Amino acid sequence: DVHIEPLIRGGSQERNLRAGTENIYGIVGMAKALAMACDHLEDHQEYVQVLKDYMKAQLTTNIKGIEVNGCEERSLYTVLNVKLPATNKASMLLFLLDIDGIGCSSGSACTSGSNQGSHVLRGLNIGSDSPSIRFSFSRYSTREEIDYAVERLAHHLEPVAVVN
């Protein structure tokens, strides 16, 4: 006794419930993309984890007072979120890094444009007294990119101007 109305009209496929023909090229392309993404997946995961660990070591070596947010054992291998020392440059930091060509964020992609701050960091009881930045990694990321990002971040924080 359920009557379903088609969302797109114009064809008689699927008993008049769907217009148009399946996107065969898109289906085949998606299958190939998924196969490629799964090829050597464990190797890619290991490579990305090594990069993340390398960046964490470089950040803690080069920037005093930096802290890793979250529980390392339960964190995603492709994301590193760090709490920076308190600075009066906090409001400009992402802008400066963007000018340097460094893609990073103060929260998740789903909260971009929000002025509420990260609900995840609030859930982890990470205070908002100093900025937190999220870096993401992929199998295409390199150590050279990490070195550059750490160098520029350290440059923008030097000297760290503590906000009282």
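Going by the structure above, here's the rest.
To keep things clear, this report deals only with the structure shown in the data block. Small disclaimer: the values here were computed from a predicted structure and weren't measured.

## Let's talk about the sheet that holds strand 1 (residues 67-68)
Then, number 1: An order of 1-2-3 is seen for the 3 strands of this open sheet, with the pairing classed as antiparallel. Two strands close off the open sheet at either side, each with one partner strand: strand 1 and strand 3 (132-136).
Then, number 2: Strand direction decides the pairing type here: strand 2 (residues 79-83) and strand 3, joined by 5 bridges, are antiparallel. Bridge pairing in strand 3 links Lys-83 to Ser-132.

## Details of a nonpolar patch on the surface
Then, number 1: Together, Val-2, Ile-4 and Leu-17 give the surface a local cluster of nonpolar side chains, amounting to about 310 Å² of exposed area.
Then, number 2: The topology assignment puts Ile-4 in the segment before helix 1 (13-16).

## Overview of the packing of aromatic side chains
Then, number 1: Throughout the structure, instances matching the rule amount to 0 aromatic pairs.
Then, number 2: The ring of Tyr-54 is capped by Arg-143, whose NZ or CZ atom sits 4.1 Å from the centre of that ring.

Cut-offs used in this document
- Residues numbered from 1 in each chain as written.
- Predicted model: local features only at pLDDT ≥ 70, side-chain atom pairs only at ≥ 80, totals over all residues.
- Heavy atoms only, no water.
- Pairing = 2+ DSSP bridges.
- Helix = DSSP H or I, 4+ residues; strand = E, 2+ residues; numbered from the N terminus.
- Patch = residues over 30% accessible without salt bridge, like charges linked within 9 Å, V, L, I, M, F, W, Y side chains within 5 Å.
- Areas by Shrake-Rupley, 256 points an atom, 1.4 Å probe, with all protein chains shown as cover.
- Salt bridge = Lys/Arg side-chain N within 4 Å of Asp/Glu carboxyl O.
- Phe/Tyr/Trp six-rings, centres within 6.5 Å; stacked < 30°, edge-to-face > 60°.
- Lys NZ or Arg CZ within 6 Å of the ring centre and 35° of its normal.

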